[in-house]
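Remarks on the overall topology
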Amino acid sequence: MQLEAQILLACELAAVGGVIAVYREMRLARASTAWPAIPAKVLVARAVFLKGGHGGSSWMRLCYQYTVAGRNYVGTRYQFAHIWPSFRAMQEVASDLTARPDIVVHVDPHHPKRATIRAGLPRFGYALLAVGWVIVGTVTVLLITVRA
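None of the values given here were measured: they were computed from a predicted structure.

Cut-offs and rules
- Residues numbered from 1 in each chain as written.
- Predicted model: local features only at pLDDT ≥ 70, side-chain atom pairs only at ≥ 80, totals over all residues.
- Heavy atoms only, no water.
- Helix = DSSP H or I, 4+ residues; strand = E, 2+ residues; numbered from the N terminus.
- Buried < 20%, exposed > 50% of the residue type's maximum accessible area, 1.4 Å probe, protein only.
- Contact = heavy atoms within 4.5 Å.
- Pairing = 2+ DSSP bridges.
- Phe/Tyr/Trp six-rings, centres within 6.5 Å; stacked < 30°, edge-to-face > 60°.
- Axes fitted to C-alpha atoms, helices over the stretch in contact; angles between N-to-C directions.
- Core = buried A, V, L, I, M, F, W, Y, C linked by side-chain atoms within 4.5 Å.
- Salt bridge = Lys/Arg side-chain N within 4 Å of Asp/Glu carboxyl O.

**A few points about unusual backbone geometry**
- You will see that Ala 69, though not glycine, has its phi angle at about 50°, which is positive.
- Within the secondary structure, Ala 69 sits in the loop between β2 (57-68) and β3 (71-75).
- Among the residues examined, Ala 69 registers a relative accessible area of 81% and is labelled exposed.

As structure tokens, then:
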């Protein structure tokens, strides 16, 4: 197999894996709307920006504690399949969570370790899935072209 075909095949597998991961996250996001809501306490909520060579990267450092059936759990998820639109949006949510540390989280009754602050599908969830399928389709066409 040519090197180009091997590279494209690796890209194809990575893209399919990404689509599967996003689909799984979206299924959990949809399911979370039916999960029971229970009280929780925010332990840490901070937007972090790490400056790097290509502008940097950002993420939400989030940690909250909740109790199910007398057992304490720690959660870190804000929302399934969530993408922050900007660092400012992340800072605003972190600030809100810090200002009101007593919150409500949605907990999977079958897997209490799985919890989220915001239940339901994110705004850009379907767009993310669509982009994944476009990448899969494009790489498939390129792979067929290279093999021909």
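Back to the text.
**A word on the side chain of His 106**
- In this fold, His 106 is placed in strand β4 (residues 102-107).
- Apart from the residues within four sequence positions on either side, His 106 is in contact with Ser 32, Trp 35, Pro 36, Ala 37, Arg 114, Ala 115, Thr 116, Ile 117 and Ala 119.

**Quick notes on the pairing of β3**
- One ladder, built from 5 bridges, connects β2 with β3; its direction is antiparallel. The residue bridging Tyr 66 from the neighbouring strand is Tyr 73, located in β3.
- What sits between the antiparallel neighbours β2 and β3 is a turn of 2 residues, in which Ala 69 has the positive phi angle 50°.

**Some points on the packing of aromatic side chains**
- Throughout the structure, instances matching the rule amount to 4 aromatic pairs.
- Aromatic side chains Tyr 66 and Tyr 73 sit 5.6 Å apart centroid to centroid with 20° between the ring planes, which places their arrangement in the stacked category.
- Taking the relative accessible area as the measure of exposure, Tyr 66 reaches 1% and is therefore buried.
- The class for Tyr 73 is buried, based on a relative accessible area of 10%.
- Among the aromatic residues, those joined into a ring-pair cluster are Tyr 64, Tyr 66 and Tyr 73.

**Structural notes on the sheet that holds β2**
- The antiparallel open sheet is built from 5 strands, whose spatial order is β3-β2-β1-β4-β5. With one partner strand each, in any of the chains shown, β3 and β5 (115-116) form the two edges of the open sheet.
- Strands β1 (37-50), β2 and β4 of the sheet are contacted by helix α2 (residues 87-99), whose axis makes an angle of about 140° with β1.

**Some words on the nonpolar core**
- Counting 20 residues, the largest nonpolar core has Leu 62, Tyr 64, Tyr 66, Leu 97, Ile 103, Val 105 and Ile 117 as the members making the most contacts within it.
- At the level of elements, β1, β2, α2 and β4 are the ones that each hand at least two residues to this core.
- Examining the composition of this core, we find that 5 residues originate from one element, β1, more than from any other.

**Here's the deal with the pattern of salt bridges**
- For the structure shown, the criterion picks out 3 salt bridges.
- Residue Glu 25 is joined to Arg 77 by a salt bridge in which the shortest nitrogen-to-oxygen separation is 3.2 Å. Placement of the pair is Glu 25 in helix α1 (residues 3-32) and Arg 77 in the loop between β3 and α2, with a sequence separation of 52 residues.
- Residue Glu 25 is classed as buried on the basis of its relative accessible area, which comes to 17%.
- Taking the relative accessible area as the measure of exposure, Arg 77 reaches 29% and is therefore partly exposed.
- A salt bridge links Asp 102 to Lys 41; its shortest N-O distance comes to 3.4 Å. Of this pair, Asp 102 sits in strand β4 while Lys 41 sits in strand β1, placing them 61 residues apart in sequence.
- Residue Asp 102 is classed as exposed on the basis of its relative accessible area of 57%.

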